Amino acid sequence: MMQAEDARYLKRKVKGGSIDVHPTEKALVVNYELEATILGEMGDPMLGERKECQKIIRVKGLHENSDLSTLAKEIIEKCKLIHPSKLPEVEQLLYYLQNRKETAPPKASGKTKLSDKPGDPAFSDGSEINEVANINDVDDYLEMLYEELPEKVKGCALILQLARNPDNLEELFQNETVVSALVRLLREEWKRSTDLATNIIYIFFCFSSFSSFHAVILHFKMGTLCMTIIQHELKKHELWQDELNKKKKAADTDKNNTKLRDDYEKSLKKYEGLVRKQEQLLRVSYYLLLNLAEDLSVELKMRNKGVVKMLVNTLDRNNFELLILVVSFLKKLSIFIENKKEMVDLNIVEKLTKLIPCDHEDLLNITIRLLLNLSFDPDIRSKIIKYGLLPKLVNLLTNENHRLMVLCILYHISMDDKAKSMFTFTDCFPIVMKLLLESPETPDIELLALCINLASNKRAAQIICEGQGLKLLMKRAFKFKDPLLIKMIRNLSQHSGPTKNLFIDYIPDLCSHVLDWDNEEFSLECLGILGNLTIPELDYELILKEYNLIPWIKGKLQSGSAEDDVVLDVVILVGTVCSDDACAKLLADSNIIHLLIELLNAKQEDDEVVCQIVYVFYQMIFHEATREIIIKETQAPAYLIDLMHDKNAEIRSVCDNTLDMIGEFDEEWATKIQLEKFRWHNSQWLEMVESRQVDEFADPSYMYPDEPGFDPYLQDADILDRPDLFYEGYDNTGHLTPEYIDDAGMYSDFYSQQPYGYEPDDPYVRPEAHLGFIRDAHQGDLYGRGMDPYEQDYGQYVNGDQEKSPMYRDYGYR
């Protein structure tokens, strides 16, 4: 084995190789071979190593009017790796670079693999040196850190070369002297040299790529120092911009002054060079912070020191690689509501508009993912529309790389009723319909979820159904028995106008699927479509008889024979067909009313079912053939009186209108209804009076002497027999004078007060029903019924706490 004392000196030999052009940049790539040989005491070689190397020579100043011959000679003079004999070859390569068109970042034409992680930072200008670093010479590099600034930069660059090789990291980190010297040098000298700061932070970035080194990096407070540097650089950039803008303004004001114009152009070139170096520093600093933010406690400290504001301010840059890193960092931070609120305050949506769309596929993809995380907030969704992002997002549906994420964002936007109409001003509907109709048997659930939401808007439904739209949707739905697609069609059927009439042609198919009930979810939606077809010209009686639906309806209304959502849709269907006189009579003769009353008793906790049953009674009251059955042969009016003060406003409204109709045709029930309304309106006063006891005083004669004509206690008589308590127009005997008020006046005064929420002039419309929803949890009201329905979501990602939804983990939303 060779001993250290055996080695006398090291012989290095550089052999030039081929020259080529850089694939993307305006630069030449010089290939060369470096051979290092250790010679022994007698000058004979003892150990040798050969390595292939490259040097990149950037010629960014190259333009169409450049003197290629002079430029080639200058390159050969400065770069000793190129032999002078290769001058013609260098000129030819420069000519190729001069005429090569600038290539934008790659734009994917089909579906390509997009990077989920930003690429490693590139070497800075201060890191590009000809010397190749050796791990055995670390002590020499350490000594360079104590020399003048150029030597310090070179020493850091050599150590950085070693750090970029993961095999050297452990050995470097064990050398505490080197690590401490780098930290000290960064703290003391970072303002003097951007290259120096970039190289040192890059070294620690290489360490931060492995979690095992994080503790020591945090011990030296590198994160805090990086944030200080970033903040300083951002302020410096603002000063540069202000100074440049002043010179530009001066040059524009006096266009004939060539000195001002030359000064501005000179300052612009200097500014571009400074910005390029600064963005290298910012990128490596942000990347170091992003790696350290793996620990949430460290991320919280960064947030408290203002990292969100720094990142949002950096979005104004034009460097794609820097922007990818910044947006990735923001996406990571955006999963916490505090960070999201700060981003909103900094108007991040407006800053993202310039990135959607962009030519860089990776940057566009990560920006869309950030926007998706932010779109859980309704305020941000409104800003997406405000700043014109909706049509841009819709156009991205044609790009397969981003389609899934864009569909998720559009779905979130479509959750807001006001936003649904905004889709009609975009190309969304033809694109979505094309995707839906050309998709395989099972389309993306995100696509179906968006379609279901959009179909609930009347104008959107009209656009979807135009031409052959509804026909194609129906054909696909019946072919694949897709419950979500038929759910979308059900939403289309709920809108009044010409759209609803288009469904008449499909009634036979709908009825057959309802009766078959082979696919419960699909058949339930078909039943809902039939219940939505409130078309005056439709012959409901013929439909009931043709498909023998009455026995099927009676079977589903039997208590316990069907699920709650099925029962609800059956009751809605009954309410729809009862608008026809003949159908109402047919159903009444089939004992449907008694089944509904039994169902009302059984489903008192279900507000939706109760509301729709009361609506059926309201519909039947209009028909003379069924009115007598409701009033005389059933206890429906009594149930309605019990429900007239329900906590659910919709139920109260239906009951009031139905009871008013009953009161018009039956005096006995009119009196009972009036009494109940009076008792409810004056319940507190009546409760106080009726609760007084005889033994309130020791001597009853003290308050009530035994005198002729003194009436007994109020609780011993009907309150309506004592009009003197609430009317002033009575005679000496205590009876109401007939001249005081007539029937019309009494009712007019009674209703004018509107103590019961009664509005006689409002035409009654069908109660709104949350079709397809199932109740899951109840909060008891006066009658023990629940108030909050549980919505059955189709394609919806999040219910409840959207910020912590685990379902986004499938898509990498973290």
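- By the naming in an unreviewed UniProt entry, the chain is Kinesin-associated protein 3-like isoform X1, taken from Biomphalaria glabrata.

1. So, the packing of aromatic side chains
Logical step 1: With the rule as written, the count across this model stands at 11 aromatic pairs.
Logical step 2: A ring pair is formed by Phe478 and Phe522, whose centres lie 6.1 Å apart and whose planes are at 75°; its orientation type is edge-to-face. Within this pair, whereas Phe478 is found in helix α24 (residues 469-480), its partner Phe522 is found in helix α28 (residues 520-532), the two being separated by 44 residues in sequence.
Logical step 3: On the basis of relative accessible area, Phe478 is assigned to the buried category, the value being 15%.
Logical step 4: Relative accessible area serves as the criterion here: at 0%, Phe522 is assigned to the buried category.

2. Re the packing of helix α16 (residues 361-374) against helix α19 (residues 403-414)
Logical step 1: The N-to-C vectors of α16 and α19 enclose an angle of 25°; their axes lie 9 Å apart at closest approach. The angle between α16 and α19 places the two elements in the roughly parallel class. Considering only the axes of α16 and α19, their crossing is left-handed. For the pair formed by α16 and α19, the contact residues are Ile368, Arg369, Leu371 and Leu372 on the first element and Met405, Val406, Cys408, Ile409 and His412 on the second.
Logical step 2: In terms of residue class, the contact of α16 with α19 is built from 7 nonpolar, 1 polar and 1 charged.

3. Concerning the UniProt feature "transmembrane region" (unreviewed entry) in the chain
Logical step 1: According to UniProt, the feature "transmembrane region" (unreviewed entry) maps to residues 200-220 in the numbering used here.
Logical step 2: The span residues 200-220 is 71% helical and 0% strand by assignment, and the distance between its end C-alpha atoms comes to 13 Å.

4. Topic: helix α30 (residues 549-557)
Logical step 1: Where α30 is concerned, the buried positions are Leu549, Ile550, Trp552, Ile553, Lys556 and Leu557. The buried side chains of α30 occupy one side of the element, clustering within an arc of 160° when seen end-on.
Logical step 2: In this structure, the buried side of α30 is in contact with α27 (507-516), α28, α29 (540-546), α31 (564-577), α32 (581-589) and α33 (592-602).

5. Some remarks on a negative patch on the surface
Logical step 1: There is a patch of like negative charges on the surface, built from Asp137, Asp139, Asp140, Glu143, Glu147, Glu148 and Glu151.
Logical step 2: In this structure, Glu151 sits in helix α4 (residues 149-163).

6. Description of the nonpolar core
Logical step 1: Core analysis: the biggest nonpolar cluster contains 208 residues, and Phe204, Tyr286, Ile348, Leu393, Leu410, Met488 and Ile553 have the highest contact counts within it.
Logical step 2: A per-element tally of this core places helix α34 (residues 607-621) first, with 11 residues.
Logical step 3: Sequence-distant contacts of Met488, defined by excluding residues within four places in its chain, comprise Met433, Leu436, Cys451, Ile452, Ala455, Ile464 and Leu473.
Logical step 4: Core analysis: the second largest hydrophobic core is formed by 21 residues, Val59, Leu68, Leu81 and Ile82 among them.

7. Topic: the pattern of salt bridges
Logical step 1: Taken as a whole, this structure holds 26 salt bridges when the rule is applied.
Logical step 2: Where Lys152 meets Glu189, a salt bridge forms, and the shortest distance between an N and an O atom there is 3.4 Å. Here the residue Lys152 occupies a position in helix α4, and Glu189 occupies one in helix α6 (residues 176-189), the gap between them amounting to 37 residues. Like Lys152, the residue Glu189 is buried in the burial classification.
Logical step 3: Of the charged contacts, one joins Arg303 and Glu342 as a salt bridge, the two residues approaching to 3.7 Å between their closest N and O atoms. One end of the pair, Arg303, is in helix α11 (residues 296-304); the other, Glu342, is in helix α14 (residues 337-345), and 39 residues separate them in sequence.
Logical step 4: Here Arg303 falls in the partly exposed class, since its relative accessible area comes to 25%.
Logical step 5: A single network of salt bridges, built from pairs that share partners, joins Lys152, Glu189 and Arg192.

Thresholds, definitions, all that
- Residues numbered from 1 in each chain as written.
- Predicted model: local features only at pLDDT ≥ 70, side-chain atom pairs only at ≥ 80, totals over all residues.
- Heavy atoms only, no water.
- Phe/Tyr/Trp six-rings, centres within 6.5 Å; stacked < 30°, edge-to-face > 60°.
- Helix = DSSP H or I, 4+ residues; strand = E, 2+ residues; numbered from the N terminus.
- Buried < 20%, exposed > 50% of the residue type's maximum accessible area, 1.4 Å probe, protein only.
- Axes fitted to C-alpha atoms, helices over the stretch in contact; angles between N-to-C directions.
- Parallel < 35°, antiparallel > 145°, perpendicular 65-115°, else oblique.
- Left-handed = near helix turned anticlockwise from the far one by under 90°.
- Contact = heavy atoms within 4.5 Å.
- Nonpolar A, V, L, I, M, F, W, Y, C, P; charged D, E, K, R; others polar.
- UniProt positions renumbered as here; feature names shortened; annotations may be inferred.
- Arc of directions from axis to C-beta.
- Patch = residues over 30% accessible without salt bridge, like charges linked within 9 Å, V, L, I, M, F, W, Y side chains within 5 Å.
- Areas by Shrake-Rupley, 256 points an atom, 1.4 Å probe, with all protein chains shown as cover.
- Salt bridge = Lys/Arg side-chain N within 4 Å of Asp/Glu carboxyl O.
- Lys, Arg positive; Asp, Glu negative; His and termini not counted.
- Charge placed at Lys NZ, Arg CZ, Asp CG, Glu CD.
- Core = buried A, V, L, I, M, F, W, Y, C linked by side-chain atoms within 4.5 Å.

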